[in-house]
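Next come the chains, spelled out residue by residue.
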Amino acid sequence: MEYESLEKKIKYSFKNKDLLKLALTHSSYANEHQIECNERLEFLGDAVLQICMSKYLYNNISLNEGVLSKTRAKCVREEALNVYAEKIQLAQYLYLGVGEEHMGGRMRPAIVADAFEALLGAIFLDSNFDKVNKVVERLVLPYLRIVLKIRDYKTIFQEKVQADKRSVHYEVISEEGPTNDRTYEIAVYMDDILMGKGTGRSKKEAEQNAAKDALNKEARR
């Protein structure tokens, strides 16, 4: 695969190209070729992005710890990661297994979000914190206004319920399809009361849709 165009987009050239390939290698491809996938780099990249965002918010927002934590969470959640990844067309560079490719894996938010985190982890290992922080400044910070406007239905519903001193929990109702193309249906409860249901190609997506359903039902009452 041609790496040069991606490196131009992120304005970072890898010394170790194998790290870049690893960051782009989904588990489906890794399983087919008996090689390592990007999950460990994703773990590292998640931490790297968290600290980069923490540093930026600490230096630029004079608010309390609670507000800073909520703002950071909005900036590093799956929906936000997909915005950043879309700007560099990251999905087109991924290594996917044949089955995952046929099932539309390049369009799956969870896969693309994980690859973006893995890319940051790879840059960190290839260089240092200052270099990866510069990449975050280029790839993430320009789009914070966009991602902060994305509605997080789970958080909105959670805060609404907790204001009434009630509890929230989610339960998987059903799982359908093969491992690489699974659809989840999840229900959200306030205490023991069913409030809404949602489906999605990941548990996170299904939970968001369940919370959205609950909020819509509340609004109609």
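Description of the structure in this document.

Reading the values: rules and limits
Residues numbered from 1 in each chain as written. Predicted model: local features only at pLDDT ≥ 70, side-chain atom pairs only at ≥ 80, totals over all residues. Heavy atoms only, no water. Helix = DSSP H or I, 4+ residues; strand = E, 2+ residues; numbered from the N terminus. Rg over C-alpha atoms; globule rule 2.2 N^0.38 Å. Buried < 20%, exposed > 50% of the residue type's maximum accessible area, 1.4 Å probe, protein only. Contact = heavy atoms within 4.5 Å. Areas by Shrake-Rupley, 256 points an atom, 1.4 Å probe, with all protein chains shown as cover. Phe/Tyr/Trp six-rings, centres within 6.5 Å; stacked < 30°, edge-to-face > 60°. Lys NZ or Arg CZ within 6 Å of the ring centre and 35° of its normal. Pairing = 2+ DSSP bridges. Axes fitted to C-alpha atoms, helices over the stretch in contact; angles between N-to-C directions.

### Examining the overall build of the protein
Line of reasoning, step 1. The helix and strand tally for the protein stands at 12 helices and three strands.
Line of reasoning, step 2. By the compact-globule yardstick of 17 Å for 221 residues, the protein fits well, its C-alpha radius of gyration being 19 Å.
Line of reasoning, step 3. Taken over the C-alpha atoms alone, the protein extends approximately 55 × 45 × 25 Å along its principal axes.
Line of reasoning, step 4. Considering the protein as a whole, with its 221 residues, one finds that 43% of them fall into the buried category.
Line of reasoning, step 5. Within the protein, counting contacts between residues at least 6 apart in sequence, those at least 24 apart form 56% of the total.
Line of reasoning, step 6. In the structure as shown, the protein presents an accessible area of about 12200 Å², 50% of it carried by carbon and sulfur atoms.

### Notes on the packing of aromatic side chains
Line of reasoning, step 1. Summed over the entire model, instances satisfying the criterion amount to three aromatic pairs.
Line of reasoning, step 2. With a centroid separation of 5.7 Å and 45° between ring planes, the pair formed by tyrosine 84 and phenylalanine 116 is classed as tilted. Of the two residues, tyrosine 84 is situated in helix 6 (residues 78–87) and phenylalanine 116 in helix 8 (residues 109–126); the sequence distance between them amounts to 32 residues. In this pair, the class of tyrosine 84 matches that of phenylalanine 116, namely buried.
Line of reasoning, step 3. Over the ring of tyrosine 95 we find lysine 21, and its NZ or CZ is 5.3 Å from the ring centre.
Line of reasoning, step 4. Here the basic side chain of lysine 154 rests over the ring of tyrosine 170, its NZ or CZ set 5.0 Å away from the ring centre.

### Structural notes on the sheet that holds strand 3 (residues 193–200)
Where strands meet in a sheet, backbone hydrogen bonds hold them as pairs that are either parallel or antiparallel.
Line of reasoning, step 1. With respect to topology, three strands assemble into an open sheet ordered 1-2-3, the strand pairing being antiparallel. Only two strands of the sheet have a single neighbouring strand rather than two, namely strand 1 (168–176) and strand 3. For this sheet, the mean inter-axis angle between neighbouring strands, taken without regard to orientation, is 20°.
Line of reasoning, step 2. Where strand 1 and strand 2 (residues 183–190) come together, eight bridges link them in antiparallel fashion. Within strand 2, the residue paired with glutamate 176 across the bridge is threonine 183.
Line of reasoning, step 3. Each of strand 1, strand 2 and strand 3 touches helix 11 (residues 153–163); the most contacted strand, strand 1, lies at about 140° to it.
Line of reasoning, step 4. On the sheet, helix 12 (residues 203–220) packs against strand 1, strand 2 and strand 3 and is oriented at approximately 135° with respect to strand 3.

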